[in-house]
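Here are the chains, one letter per residue:
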Amino acid sequence: MKNEKAVVVFSGGQDSTTCLFWAIKNFKEVATVTFDYGQRHSAEIECARKIAEELGVSFKVLDMTLINQLSANALTRDDIEVTDEEGQLPSTFVPGRNHLFLSFAAVYADAIGSRHLITGVSQTDFSGYPDCRDTFIRSLNVTLNLAMDKQFIIHTPLMWLDKSEVWELSDTLDAFEFVQEKTLTCYNGIPSTGCGDCPACQLRNEGLARYQTKKSAGTIV
Ligand code: ZN
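Residues numbered from 1 in each chain as written. Predicted model: local features only at pLDDT ≥ 70, side-chain atom pairs only at ≥ 80, totals over all residues. Heavy atoms only, no water.

Looking at an unreviewed UniProt entry, one finds the protein chain named 7-cyano-7-deazaguanine synthase and attributed to Planococcus wigleyi. Recorded under Catalytic activity (unreviewed entry), the UniProt text for the protein chain is reproduced unchanged: "7-carboxy-7-carbaguanine + NH4(+) + 2 ATP = 7-cyano-7-carbaguanine + 2 AMP + 2 diphosphate + 2 H(+)". Comment text from UniProt for the protein chain, heading Function (unreviewed entry), reads "Catalyzes the ATP-dependent conversion of 7-carboxy-7-deazaguanine (CDG) to 7-cyano-7-deazaguanine (preQ(0))." (UniProt positions renumbered as here; feature names shortened; annotations may be inferred.)

What follows is the structure, given as structure tokens:
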């Protein structure tokens, strides 16, 4: 893969930034694509832009605000509260979002001469999003190849990792501090450690604490 070009689906958050470092290590050239779907905080897109600039990879924003004509959710509407109740889909859920984003990313990748797509979806922490699961990604990979008569490969370096293992991967890639300081995961638009209260912050910080405990216990070499 070293001599090929890859496209990273990129949001400026912990997961996709870790994927970006993974891509830079494994590919000759890396491009990012970020989706503007009317996020509550355009800080997210600005954060992604800054990271891409700092790492010297190309940055492309695609307007996906049309998704809001289809459904209402807490990521894009200030009047809907962010909730994450046991046994229910979180209120941040946009049905089919990853499906749509990956399909657009594939068209973009093809346009710039790339067949490698990288996405930070994870089945471990999938929060009930069906289009984050491995079986869906495999199915979409086949569909994209048939749809465009290409040989795409969708890479999912985080598929079987939990949040503490994502921190571990970033450390392995010498990106731990970068990810900790420069990414934005928080639903309230606060970078780095975030607000600490929203479901995204809780997941991120709880994973970080578990990783740091493991590391200091010496179980990670
Ligand atoms: Zn937060």
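Caption draft 1: Spatial organisation of the overall build of the protein chain. On a plain count of helices and strands, the protein chain comes out with seven helices and five strands. Each helix and strand of the protein chain, placed in order from N terminus to C terminus, yields the pattern β-α-β-α-β-α-β-α-β-α-α-α. In the protein chain, the share of contacts with a sequence separation of at least 24, taken over all contacts with a separation of at least 6, comes to 69%. Approximately 10800 Å² of the protein chain is accessible, and the part contributed by carbon and sulfur atoms is 50%. (Helix = DSSP H or I, 4+ residues; strand = E, 2+ residues; numbered from the N terminus. Contact = heavy atoms within 4.5 Å. Areas by Shrake-Rupley, 256 points an atom, 1.4 Å probe, with all protein chains shown as cover.)

Caption draft 2: Highlighting the environment of Glu29. The residue Glu29 is located in strand β2 (residues 29-36) in this model. In the structure, Glu29 is positioned 27 residues away from Lys2 in sequence and 8.5 Å away in space, judged by C-alpha atoms. Non-local contacts of Glu29, meaning those with residues more than four positions away in its chain, are made with Glu4, Lys5 and Ala6.

Caption draft 3: Quick look at the side chain of Thr17. By the element assignment, Thr17 lies in helix α1 (residues 14-26). Beyond its immediate stretch of four places on either side in the chain, Thr17 contacts Phe10, Gly12, Ile51, Phe178, Val179 and Thr183.

Caption draft 4: Representation of the packing of aromatic side chains. Summed over all chains, the structure comprises six aromatic pairs. For the ring pair Trp167 and Phe176, a centre distance of 5.5 Å and an interplane angle of 70° mean the geometry is edge-to-face. Here the two residues Trp167 and Phe176 agree in accessibility, since each one is buried. Each ring, one from Phe176 and one from Tyr211, has its centre 5.9 Å from the other, and the planes form 55°; the classification is tilted. Residue Phe176 is found in helix α6 (residues 176-182), and its partner Tyr211 is found in helix α7 (residues 199-216); the two are separated by 35 residues along the sequence. (Phe/Tyr/Trp six-rings, centres within 6.5 Å; stacked < 30°, edge-to-face > 60°. Buried < 20%, exposed > 50% of the residue type's maximum accessible area, 1.4 Å probe, protein only.)

Caption draft 5: Region of the structure containing the coordination of the zinc ion. At the metal site, the zinc ion is ligated by Cys186 (SG), Cys195 (SG), Cys198 (SG) and Cys201 (SG), and these contacts range over 2.3 to 2.4 Å. Between the four donor atoms coordinating the zinc ion, the angles at the centre fall across 103 to 116°, so the site counts as tetrahedral. Here the donor residues of the zinc ion are spaced in sequence according to C-x8-C-x2-C-x2-C. Taken as a pair, Cys186 in the loop between α6 and α7 and Cys198 in the loop between α6 and α7 lie far apart in primary sequence, twelve residues in all. Under the relative-accessibility criterion, Cys186 is labelled buried at 6%. Relative accessible area serves as the criterion here: at 6%, Cys198 is assigned to the buried category. (Donors = N, O, S within 2.8 Å, 3.2 Å for Na, K, Ca; no water. Tetrahedral: all angles 85-135°; square planar, octahedral: opposite > 155°, others 65-115°.)

Caption draft 6: Layout of the nonpolar core. Membership of the largest hydrophobic core comes to 29 residues, with the highest contact counts inside it found for Val8, Leu20, Phe27, Val30 and Ile118. Where this core is concerned, the elements lending two or more residues are β1 (5-9), α1, α2 (43-55), α5 (163-172), α6 and α7. Per element, the largest residue contribution to this core is five residues, and it comes from α1. When near neighbours in sequence (up to four residues on either side) are disregarded, Val8 contacts Ser16, Cys19, Leu20, Ala23, Val30, Ala31, Thr32, Val33 and Ile118. Within the second largest apolar cluster, 27 residues are counted, among which are Val7, Tyr108, Ala109 and Leu117. (Core = buried A, V, L, I, M, F, W, Y, C linked by side-chain atoms within 4.5 Å.)

Caption draft 7: Molecular detail of the UniProt feature "binding site: Zn(2+)" (unreviewed entry) in the protein chain. Under the UniProt annotation, "binding site: Zn(2+)" (unreviewed entry) lies at Cys186, Cys195, Cys198 and Cys201. Annotated residues spanning 16 residues; largest pairwise C-alpha distance 6.8 Å, indicating a single compact cluster. Once residues within four sequence positions are removed from consideration, Cys186 is found in contact with Gly194, Cys195, Cys198, Ala200 and Cys201. Take Cys201: it is sitting in helix α7.

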